[in-house]
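Results of the structural survey
Take a look at the letters that make up each chain.
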Amino acid sequence: MAMRATLEPSIEHLLRELTPQVLGAVARRFRDFSSAEDAVQEAMIAAFTQWPREGVPENPRGWLIQVASRRMADQARSEIARRERETAVASDAETTVPAGDIESDMDPNDTLILLFMCCHPALSSSSAIALTLRAVGGLTTAEIANAFLVPEATMAQRISRAKQSIKASGVRFRPPSSQERAERLPAALHVLYLIFNEGYASSIGAHLQRLDLAREAIRLTRGAKALLPEDGEVAGLLALMLLTDARRAARTGSDEELIPLDKQDRTLWDRAEISEGIELLTAALSKGSIGLYQLQAAIAAVHDEAARAEDTDWPQILALYELLKRVSPSPMVTLNHAIAAAMVHGPAKGLELLKTLDSDGRLTERHRLDAVRAHLLEMLGDHKSAIQHYRTAAGRTTSIPERNYLIAQAARLEDSPSGPDQKTTVP
């Protein structure tokens, strides 16, 4: 196979992007997710070993599918004596090894098909979502654990059990029917939501944003909308992603430092994405039923429509969060509701609402509760307590940009003219 003369700048980035596409193609062809995942992992290891030395193939996706297919065929041949069904798999695999044939057999919606395939009836909703985040989103176990607010070891066990449940069920992976797709839609949408969130605000590492994940989530959600054009929650999720992604260019500075919403240069916001998001949201809301993603998109729209931070319609945002708490209560919704309440009724009200989360184990060891409490304490004028919580939050986050931001906030208060022990009156 012909190789390029020069090495691609980021093999790791390329492989992360290609993994769900390759896994979708192999799982669709061989109807065996667990074995396909193992085969794709072997193909990725081979790529990591060979590509830096030999160069990236002209058709890297076809190369990976070819290697994974050979692994599947080898496995089938080794078990052919005791499992008759593998005979057909091995025979089929041998006819699809040539790269040209592989590419002609590619389905442009393979990743979207994989998304619905992973939301398997043999799994609980939470297990299906966790497995899909691994297979489709390419997230690490630690990133998935952060999304679920559980320890990494707990998530590793959950993903392992999910694979065992699928294998024990005996149900093969295949593209779902229209009815199955509708039944699995809530879990699939939640997966897309979490993939986008990890891309928009990465929970681990040196970069605040991972554009590959955010863009892939938007692409897949557009695909879901094309499949289900009348579904209001699909449209609501796409609107939420666009309205949020529109702020991407303003969220970081020249050194990738975090810039909070109220300090962003709003002229950098993507007005085309905002217009499309509002149009989608308006059409979805006109259909009568209001769901989780539509409400979140409505909140994002209120922020995006404010020309300046001080023009934000916080009473409307507070009302939307109160409705969201009734529709889909969660610790993060309560956290954001407390912020909105503080902006409308003052920081003391927000701090009072935060107390309801102090006994919630999903947040007590996470940085966001301390970060929000620090912000509200600063608004209240209690700089000494705010500094303490900023530092606690900085010690708990696994995102380097967020940690740096929180440390800087604490340092700013320490260096303020009033000093850390001084309480100021906030009008």
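Residues numbered from 1 in each chain as written. Predicted model: local features only at pLDDT ≥ 70, side-chain atom pairs only at ≥ 80, totals over all residues. Heavy atoms only, no water.

Secondary structure summary: the protein chain contains 21 helices and zero strands in total. Of all 427 residues assigned to the protein chain, the portion counted as buried reaches 51%. The long-range fraction of contacts in the protein chain, counting pairs at least 24 apart against all pairs at least 6 apart in sequence, stands at 66%. Per element, the accessible surface of the protein chain, about 19700 Å² overall, is 52% carbon and sulfur. (Helix = DSSP H or I, 4+ residues; strand = E, 2+ residues; numbered from the N terminus. Buried < 20%, exposed > 50% of the residue type's maximum accessible area, 1.4 Å probe, protein only. Contact = heavy atoms within 4.5 Å. Areas by Shrake-Rupley, 256 points an atom, 1.4 Å probe, with all protein chains shown as cover.)

Moving on to the packing of helix 17 (residues 347-354) against helix 19 (residues 367-380). A pair of packed helices is captured by two measures, namely the crossing angle of their axes and the spacing between those axes. Relative orientation of the contacting elements helix 17 and helix 19 amounts to 155°, with a least axis distance of 9 Å. Classified by the angle between their axes, helix 17 and helix 19 sit roughly antiparallel to one another. Pair helix 17 / helix 19 crosses with left-handed handedness. Contact with helix 17, carried on its side by Pro-347, Ala-348, Gly-350, Leu-351 and Leu-354, involves Leu-369, Val-372, Arg-373, Leu-376, Leu-377, Met-379 and Leu-380 of helix 19 and no other residues of that element. (Axes fitted to C-alpha atoms, helices over the stretch in contact; angles between N-to-C directions. Parallel < 35°, antiparallel > 145°, perpendicular 65-115°, else oblique. Left-handed = near helix turned anticlockwise from the far one by under 90°.)

Relative to the 20 Å expected for 14 residues at 1.5 Å per residue, helix 19 spans 20 Å between its end C-alpha atoms, a close match to the ideal helical length. The buried count for helix 19 comes to eleven of 14 residues, which makes it a mostly enclosed element. Among the residues making up helix 19, those that are buried are His-367, Leu-369, Asp-370, Ala-371, Val-372, Arg-373, Ala-374, Leu-376, Leu-377, Glu-378 and Met-379. Those residues of helix 19 that are buried lie in contact with helix 16 (331-345), helix 17, helix 18 (361-364), helix 20 (383-396) and helix 21 (400-414). (Expected span 1.5 Å × (residues − 1).)

Positive phi values are uncommon outside glycine, yet Leu-149 reaches one of about 60°. Considering the arrangement of structural elements, one finds Leu-149 in the loop between helix 8 (141-148) and helix 9 (152-169). According to the relative accessible area criterion, Leu-149 is buried, its value standing at 18%. Even without a glycine there, the phi angle at Glu-256 is positive, about 65°. By the secondary structure assignment, Glu-256 is in the loop between helix 12 (232-245) and helix 13 (271-285).

In this section: the packing of aromatic side chains. One pass over the full model with this rule turns up three aromatic pairs. Here Phe-196 and Tyr-200 contribute two aromatic rings whose centre-to-centre distance is 5.8 Å and whose plane-to-plane angle is 15°, an arrangement assigned as stacked. Placement of both Phe-196 and Tyr-200 in helix 10 (residues 178-200) is noted, with a separation of four residues, approximately one turn of the helix. Above the plane of the ring of Trp-269 lies Arg-247, whose end atom (NZ or CZ) is 5.8 Å from the centre. (Phe/Tyr/Trp six-rings, centres within 6.5 Å; stacked < 30°, edge-to-face > 60°. Lys NZ or Arg CZ within 6 Å of the ring centre and 35° of its normal.)

Formed by 123 residues in total, the largest nonpolar core has its most connected members in Val-26, Trp-51, Leu-64, Leu-133, Phe-148 and Leu-354. The dominant element in this core, judged by the number of residues it contributes, is helix 10, at eleven residues. Not counting residues within four places of it along the chain, the set of residues in contact with Leu-354 comprises Leu-335, Ala-338, Leu-369, Val-372, Arg-373 and Leu-376. (Core = buried A, V, L, I, M, F, W, Y, C linked by side-chain atoms within 4.5 Å.)

When the terminal C-alpha atoms of helix 15 (residues 314-327) are compared, their 20 Å separation across 14 residues agrees well with the 20 Å that a helix rising 1.5 Å per residue should span. Within helix 15, the full set of buried residues consists of Trp-314, Ile-317, Leu-318, Leu-320, Tyr-321 and Leu-324. Axial view of helix 15: buried residues confined to an arc of 165°, hence all on one face. When the buried face of helix 15 is taken as reference, the exposed residues oriented beyond 90 degrees from it are Pro-315 and Arg-326. In the core, the buried residues of helix 15 are packed alongside helix 14 (292-305) and helix 16. Taking the backbone nitrogen of Gln-316 as reference, a side-chain oxygen 3.2 Å away marks Asp-313 as the first, capping residue of helix 15. (Arc of directions from axis to C-beta. Polar contact = N/O pair within 3.5 Å; in protein donor to acceptor, adjacent residues only side chain to side chain.)

Here we take up the confidence of the model for the protein chain. In low-pLDDT regions, the fine details of the predicted coordinates are not to be read closely. Of all residues in the protein chain, 87% attain a pLDDT of 70 or more, and the chain-wide mean is 85. Predicted confidence for residues 423-427 stays below pLDDT 50, and this span has ten contacts to residues more than four positions away or in other chains. (pLDDT = per-residue confidence, 0-100.)

Here we take up the side chain of Thr-19. In this structure, Thr-19 sits in helix 1 (residues 11-30). The residues touching Thr-19, leaving out its near neighbours within four places in the chain, are Val-40 and Met-44.

Before going further, it helps to examine the packing of helix 7 (residues 125-135) against helix 8. Packing of helix 7 against helix 8 brings their axes to within 10 Å, and their N-to-C directions diverge by 140°. One element, helix 7, and the other, helix 8, form an angle in the oblique class. In this structure, helix 7 crosses over helix 8, and the sense of that crossing is right-handed. Taken together, the residues of helix 8 that come into contact with helix 7 (itself represented by Ser-126, Ile-129, Ala-130, Leu-133 and Arg-134) are Thr-141, Ile-144 and Phe-148. Taken together, the residues that form the contact of helix 7 with helix 8 break down as five nonpolar, two polar and one charged. (Nonpolar A, V, L, I, M, F, W, Y, C, P; charged D, E, K, R; others polar.)

What follows covers the environment of Ala-283. Tracing the sequence through the fold places Ala-283 in helix 13. Note: C-alpha distance between Ala-283 and Gly-232 (51 residues apart in sequence) is 8.2 Å.

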